[in-house]
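# Results of the structural survey
Listed here are the chains, written in short residue letters.
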Amino acid sequence: MSDADNPTDDASDEFEPIQVFPEAEEMDLRPGADNCYKCSTCDTNCPVAEVDDEFPGPKFQGPEQWRLKRQDDHDIDESVMKCSNCMRCDSACPSSVPLSQMHNTARGEYVENHMSKFSREYVRNRILANYRRLAPLAATFPRTANFVMGLSITRWLGEKTLGITSEREFPAFATETFRDWWRKRGGAKVQNEDQKIAYFHGCYSNYNTPEVAKALVRVYEHFGYEVLVPPQSCSGTPMFANGMLEDARRAAETNVRELAAALEDGADVIASCSSCSMSIRQEYPELFDFEDTEDVAANTWDALEYLRVHEDLEGELEGASVEGFDDFAYHAPCHARNQGLDGQTVELLDVIDGVDAHDVGDSCSGISGTYGWKAENYETSMKIGEEMFDHMDTADAETGLTECPTCSMQMEHGTGYEIRHPLEVLEAALFSDRPETA
Amino acid sequence: MAIEDDVLVIGGGLAGATAALAAAERDVRVRLVTYKQSTLRHASGLIDVLGYAPTDDGPLTNPYDALESLPDSHPYRLVGEAAIRKALAFFDELAGAAYAGSHTDANALVPTAAGTIKPTARYPTATAPGLASDRRDVLLVGFETLPGFDAPLAAAHLEAAGVPFDVRGATCSFPGIRRDDAKVTRYAHLLDVDEAIAVDAGEIGVRAALIEAVEGHLEGEARVGFPALLGDEHADEVRTDLADGLGVDVFEVPMGPPSLPGIRLEDLLYDALEDAGVRVTSGVPVVEYETAGASEDRIDHVVVDRNGAQVPHRATQYVLATGGLVGKGVQSERQRVYEPIFDCHVSHADDRYEWFVDGVFDEQPYARFGLSADGELRPLDADGKPEFRNLRAAGSVLGGYDYAAEKSGSGVSLATGYVAGTHAGEAVDEVIR
Ligand SMILES: Cc1cc2nc3c(=O)[nH]c(=O)nc-3n(C[C@H](O)[C@H](O)[C@H](O)COP(=O)(O)OP(=O)(O)OC[C@H]3O[C@@H](n4cnc5c(N)ncnc54)[C@H](O)[C@@H]3O)c2cc1C
Ligand code: SF4
Ligand code: SF4
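Predicted model, so just to flag it, every value in this text is computed and none were measured.

## Comments concerning empty space enclosed by the protein
Applying the stated criterion across every chain yields a total of eight cavities of 30 Å³ or more. Reported here for the largest cavity is a volume of approximately 140 Å³. Forming the boundary of the largest cavity are 18 residues, of which A:Glu305, A:Arg308, A:Gly340, A:Leu341 and B:Thr281 lie nearest the centre. Secondary structure elements with two or more residues in the lining of the largest cavity: α19 (303-310) and α22 (344-351) of chain A together with β14 (279-282), β16 (295-306) and β17 (309-314) of chain B. The greatest single-element share of the lining of the largest cavity, amounting to three residues, is contributed by α19(A). Per-class residue counts for the lining of the largest cavity are seven nonpolar, six polar and five charged.

## Focus on the sheet that holds strand β9 (residues 167-172) of chain B
Residue and element names in this part refer to chain B. Across the sheet, four strands lie side by side as β9-β8-β12-β13; this open sheet has parallel pairing. On the outer flanks of this sheet lie β9 and β13 (249-253), each paired with one strand and no other. Across the sheet, the mean angle separating the axes of adjacent strands is 25° when strand polarity is ignored. Looking at chain direction, strand β8 (residues 138-143) and β9 are connected through six bridges and run parallel. Bridge pairing in β9 places Leu-140 opposite Gly-169. Packing of helix α4 (residues 151-160) onto the sheet brings it into contact with β8 and β9, and relative to β9 it is tilted by some 170°.

## Brief notes about the packing of helix α6 (residues 206-215) of chain B against helix α7 (residues 235-246) of chain B
All names here are of chain B. Between α6 and α7, the least distance of the axes is 10 Å, while the angle of their chain directions is 45°. Overall, the two elements α6 and α7 adopt an arrangement that is oblique. Of the two elements, α6 crosses α7, and the hand of that crossing is right-handed. Between α6, through Arg-207, Leu-210, Ile-211, Val-214 and Glu-215, and α7, the contact on the second element is made entirely by Glu-237, Val-238, Asp-241, Leu-242, Gly-245 and Leu-246. Classifying every residue of the contact of α6 with α7 by side-chain character gives six nonpolar, one polar and four charged.

## Here we look at the pairing of strand β10 (residues 196-199) of chain B
Across four bridges, β10(B) lies against strand β11 (residues 202-205) of chain B in antiparallel orientation. Note on β11(B): the bridge partner recorded for B:Ala196 is B:Gly205.

## Section: the packing of aromatic side chains
All names here are of chain A. Considering all chains together, one arrives at 20 aromatic pairs over all chains under this definition. For the ring pair Phe-178 and Trp-182, a centre distance of 6.1 Å and an interplane angle of 35° mean the geometry is tilted. Of the two residues, Phe-178 and Trp-182 are both situated in helix α12 (residues 178-185); the distance of four residues between them amounts to about one turn of the helix. Assessed through its relative accessible area of 0%, Phe-178 is described here as buried.

## Structural notes on the domain arrangement of chain A
Residues and elements named next belong to chain A. For chain A, the domain assignment lists domain 1 (29-114) and domain 2 (313-432). Across the boundary between the two partners, domain 1 contributes twelve residues, which contact twelve residues of domain 2. Counting the surface lost from both domain 1 and domain 2, the interface buries some 1,000 Å², and carbon and sulfur atoms represent 52% of this. Ranking the residues of domain 1 by area buried against domain 2 places Val-51, Ser-84 and Arg-88 at the top, with a combined share of 46%. Counting across the interface, domain 1 meets domain 2 through zero salt bridges.

## Some details on the sheet that holds strand β3 (residues 267-271) of chain A
Residue and element names in this part refer to chain A. Taken in spatial order, the four strands make up an open sheet running β2-β1-β3-β4, and their pairing is parallel. The sheet is open, and its two borders are formed by β2 (226-228) and β4 (300-302), each paired with just one other strand. Pairwise comparison of adjacent strand axes, ignoring direction, gives a mean angle of 35° for this sheet. Bridge count between strand β1 (residues 196-200) and β2: three bridges; the pairing is parallel. Each bridged residue has a counterpart across the sheet, and for Ile-197 the counterpart in β2 is Val-227.

## Brief notes about a negative patch on the surface
Residues A:Asp362, A:Glu386, A:Asp390, A:Asp393, B:Glu233, B:Asp271, B:Glu274 and B:Asp275 make up a contiguous surface patch of negative charge. Secondary structure elements with two or more residues in the negative patch: α23 (378-394) of chain A together with α8 (260-275) of chain B. With respect to the helices and strands, the residue B:Asp275 is situated in helix α8. Classification of B:Asp275 as exposed rests on a relative accessible area of 70%.

## Focus: the site of ligand 1
All names here are of chain B. Around ligand 1, 32 residues are found, and the nearest of them are Thr-39, Ser-44, Lys-118, Ser-396 and Ser-410. The separation between an oxygen atom of ligand 1 and a polar main-chain atom of Ala-15 is 3.0 Å. Between ligand 1 and Val-286 there is a distance of 2.9 Å, counted from a nitrogen atom to a backbone nitrogen or oxygen. Against a free-state accessible area of 1,000 Å², the protein chains account for coverage of 90% of ligand 1. Counting residues per element, the ones that place at least two in the shell around ligand 1 are α1 (14-23), β3 (30-34) and α10 (409-432).

## Some thoughts on the environment of B:Pro379
All names here are of chain B. Positionally, Pro-379 belongs in the loop between β20 (337-338) and β21 (391-393). According to the relative accessible area criterion, Pro-379 is buried, its value standing at 1%. Sequence separation between Pro-379 and Ala-393 is 14 residues; the distance between their C-alpha atoms is 6.4 Å. When near neighbours in sequence (up to four residues on either side) are disregarded, Pro-379 contacts Cys-344, Leu-371, Ser-372, Ala-373, Lys-385, Pro-386, Glu-387, Leu-391, Arg-392 and Ala-393.

Parameters and conventions
- Residues numbered from 1 in each chain as written.
- Chains lettered and ligands numbered in written order.
- Predicted model: local features only at pLDDT ≥ 70, side-chain atom pairs only at ≥ 80, totals over all residues.
- Heavy atoms only, no water.
- 1 Å grid on protein atoms, 1.4 Å probe; cavity = no way out; pocket = protein on both sides within 12 Å on 5 of 7 lines; lining within 4 Å.
- Points joined across faces, edges and corners; volume = space filled by probe spheres on them.
- Helix = DSSP H or I, 4+ residues; strand = E, 2+ residues; numbered from the N terminus.
- Nonpolar A, V, L, I, M, F, W, Y, C, P; charged D, E, K, R; others polar.
- Pairing = 2+ DSSP bridges.
- Axes fitted to C-alpha atoms, helices over the stretch in contact; angles between N-to-C directions.
- Contact = heavy atoms within 4.5 Å.
- Parallel < 35°, antiparallel > 145°, perpendicular 65-115°, else oblique.
- Left-handed = near helix turned anticlockwise from the far one by under 90°.
- Phe/Tyr/Trp six-rings, centres within 6.5 Å; stacked < 30°, edge-to-face > 60°.
- Buried < 20%, exposed > 50% of the residue type's maximum accessible area, 1.4 Å probe, protein only.
- Domains from an automatic or database assignment.
- Buried area = accessible area lost by both parts, 1.4 Å probe.
- Salt bridge = Lys/Arg side-chain N within 4 Å of Asp/Glu carboxyl O.
- Patch = residues over 30% accessible without salt bridge, like charges linked within 9 Å, V, L, I, M, F, W, Y side chains within 5 Å.
- Areas by Shrake-Rupley, 256 points an atom, 1.4 Å probe, with all protein chains shown as cover.
- Lys, Arg positive; Asp, Glu negative; His and termini not counted.
- Charge placed at Lys NZ, Arg CZ, Asp CG, Glu CD.
- Near = heavy atom within 4 Å.
- Polar contact = N/O pair within 3.5 Å; in protein donor to acceptor, adjacent residues only side chain to side chain.

Pasting the structure below:
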């Protein structure tokens, strides 16, 4: 493995007891709690409160808990660990109460102060949150890893020893990572001083679905962009969701530094995973204040969104058709919805002949990253997903489509459908008359 | 490149959704951009046209008879009676079997969770068997874990209001729910999926368990009213099952916020938007606008803010439906009330102390704050001229009425949404030709 692959994998990154997270500790969110006028809109949007009796809902989790903390030194309630960090409450609140910021800091505080660092739960959460650290190893021996991970004994052990549900199959690792492919390819094929993007591929499209990352490169090069692939760490999404704020902070620091350097170089930042872009755009500025954090957030875009705004994407696709794809059952991930991106994929596929995307409704898929992997959440996760599975079943399509890696795992798990990424369809449409470049 | 459409509607509440649907009646491309969730989720799901008039004390029997008594600047006077009727017909078509009340001009009288009687023009089918004009006796059922609906108290209030039937209230526990702050969506979900719950004799579905819990309270009443949480996606099925099991008519009593009938209405509208091909972008606000070159009176494009990134959206016609002080379409600072996107003129007293009058129950001037408009609903500047040629406004961003006092909220949103959307759609055609 080269350094470029794993820029932050040095010895200091071993699993050590978590440090106090200074910025979140100092953060006083209580004034935000005063904006709450108790309308309960957030509660009616929470997929967990709808199916899980134990969960008190976002209004309690956010403003009420912060109010209690002001009155006396109340401890964070353990139910915060049941929040899946889907962030639906955050975008629902008409009064702009910073709910997800409250949940993230409460979770961090709970894990820091109330969860034993030797408990099975902590170790398991740490492993799930730091999936990226295991991935390089597996990627070095992908076939062995896929074989071992697929064994029922491994899954059984996972459940017994770690509390990782044995109901799910681990996603397969690609035999060649995106970064390996990129290096072998010799990097960018298009040089352009005036049009550059820095690609934030995230972990999943590097290790598991490099075809998505390759599609992004081809699509952007087609429009004449020079693609940079800066060194990068995990976006932090699974770390926020598990209250591992110190891990997230370290990852974010690397990313902000590298991406800021790319901005300096004249590039805009592009992500293909909706949770990665959400994290950089919203959670970084809410939780950290490294130099350039705001700048990086404001200049990070979703891959399709950027092309829609900066190129005549629809004009380019006019008359384009694709073969080899059936119609899609499209699920908009919560984190895309929160960024106002929920409609764009269906709109785009509308323009392309030969393939349609049927929106399967606005429910949450229920997996929310690492949430649905935990044995104790598996049932809740599947109950939340039921509405989406139903709608996928009745949609006129047998292939799924979504931007989020974990939503795609859930879609596949609940329906058996094969799941694709919109960039793959866009690539096929743009290159329909040309043989695929390897 | 801006994202291009023919009509751009800003705000996705009842007014914005209606405007988008009305515009989409023509062969034009319509987009709706909306930020946070609208007041539909708080509202009762009832469509009030006009419950009380400024000149009358009691509830109105027929809202149309009182239109003449409204001030000239009232949105209803701007659009006129014919347009209000067309807008309601448009809604009836849209709602289909989900709403009732279109058979008459007269207001229906709907019992509420507080035990008051509300005059309204259209009501969900789920509420229909509960009308106060019906003479059959009623049992109201509340749940121990649901403080928002005290059935015995509501029954007492209704009796005191002199309803023409006997009404009793009973409280039971809701099968499968223990926590006292369970969300209405939790109740609805349990009924929707008819989740199996453990009882002494094994497991039964929640619907059957609820029937069992209520049966014993019935004393020959012909209809039973539940708080409005009987299912969401499968609400009709839930109600039918309960009615069959109990052998009586079952209806829903509208509740305070958050409200399932409001959520269902929202779903109905957003499904209709999808069917009509309206493109919806939600979760992001419109923050500012640019005019086209030299012509100051024409909006060229607006800017949507996405966590700091600016995404331009261009259309030929725009509709502003961002809500009032609650929806944040109109905002207030110490010294002024303003409309934040286009800075349209909002008339109000210069002296802050004149915004309020002393009595809590008196008519509050601030409730009428909002934009004034012409007959096409183009917002007017301080001199009474349209602010922009291609901007119209709808819903509670408009001033000149007090929806809470008049009970006219949804009616004004529907009527003005319909008129603004229709004009916007037609104006696109003019430009194209
Ligand atoms: C608690 C409550 C109870 C009610 N009960 C009833 C009732 O029983 N019967 C009745 O008839 N009426 C009732 N109403 C009134 C009625 O619901 C509303 O007046 C009416 O629906 C207003 O709708 P609207 O579409 O104008 O605005 P809103 O519903 O306020 O919607 C405005 C939308 O615009 C969005 N928005 C705001 N700024 C921007 C921006 N910059 N960019 C993009 N989007 C933006 C907001 O996020 C919101 O989604 C009630 C209202 C409330 C608050
Ligand atoms: S939606 Fe916002 S204002 Fe309403 S209860 Fe939740 S946090 Fe409070
Ligand atoms: S983030 Fe999602 S799961 Fe957590 S409280 Fe908010 S809506 Fe519920």
